[in-house]
Amino acid sequence: MEKDLLMNFLMRPSKHQTFLDIAQTVSEQATCIRRNVGCVLVNSKNHILATGYNGVPSGAAHCLDLPCAGSDFPSGEGLDSCEAIHAEQNALLQCKDIYDIEKCYCTVSPCMTCIKLLLNTSCSILIFPTLYIDTEPLELWKKAEREYIIYERLIQTRQ
């Protein structure tokens, strides 16, 4: 019995993994055909403040149904032609108080615009499993003396 409890504890996903799993699930709602991105904003008590995924503004035709002018560009290019609002931007719009944010979990590291927006909050830690094609935004984040973690999954599943 005691060994089973210990194994269950050892197999329990970390907070980072749990919030990244939630970000991944949220990303499945994305309506952009180029990339699905999810974001979870968390406070210092590890409570979720807001979530967001990338997609066109409310009421607009989804790129899944009617591709926008940016849909044919490679990742990291043609951002001004893309009509999608980024996951981080949508999460910030949903957050009641941006000064409660401690951590931002994203399925990919944020772009420059999203880094600038996050720098204007109390967010001090970014956690993501994948680097965006442009890593310059992370230099700006480090310059502001904030932390980021490239998180690699250690536990595959809980049994």
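If you're wondering where the values come from, they're calculated on a predicted model, not measured in any experiment. (Residues numbered from 1 in each chain as written. Predicted model: local features only at pLDDT ≥ 70, side-chain atom pairs only at ≥ 80, totals over all residues. Heavy atoms only, no water.)

### Quick word on the pairing of strand 3 (residues 103–106)
Reasoning step 1: Both faces of strand 3 are covered, namely the face carrying Lys 103 and Tyr 105 and the face carrying Cys 104 and Cys 106.
Reasoning step 2: Bridge analysis of strand 1 (residues 38–42) against strand 3 gives four bridges, and the strand direction is antiparallel. Looking at strand 3, one finds that Val 40 is bridged to Tyr 105.
Reasoning step 3: Bridge count between strand 3 and strand 4 (residues 125–128): three bridges; the pairing is parallel. Each residue of the ladder has a partner; that of Lys 103, found in strand 4, is Ile 125.
Reasoning step 4: As a crossover connection, the stretch from strand 3 through helix 4 (residues 112–119) into strand 4 is right-handed. (Buried < 20%, exposed > 50% of the residue type's maximum accessible area, 1.4 Å probe, protein only. Helix = DSSP H or I, 4+ residues; strand = E, 2+ residues; numbered from the N terminus. Pairing = 2+ DSSP bridges. Right-handed = clockwise from strand over helix to strand, strands pointing away.)

### Overview of unusual backbone geometry
Reasoning step 1: We note that Asn 46 has phi near 60°; this positive angle belongs to a residue other than glycine.
Reasoning step 2: Structurally, Asn 46 is set in the loop between strand 1 and strand 2 (48–53).
Reasoning step 3: The class for Asn 46 is partly exposed, based on a relative accessible area of 25%.
Reasoning step 4: Phi is positive for Glu 145, close to 60°, though the residue is something other than glycine.
Reasoning step 5: With respect to the helices, strands and loops of the structure, Glu 145 is situated in the loop between helix 5 (136–143) and strand 5 (147–150).

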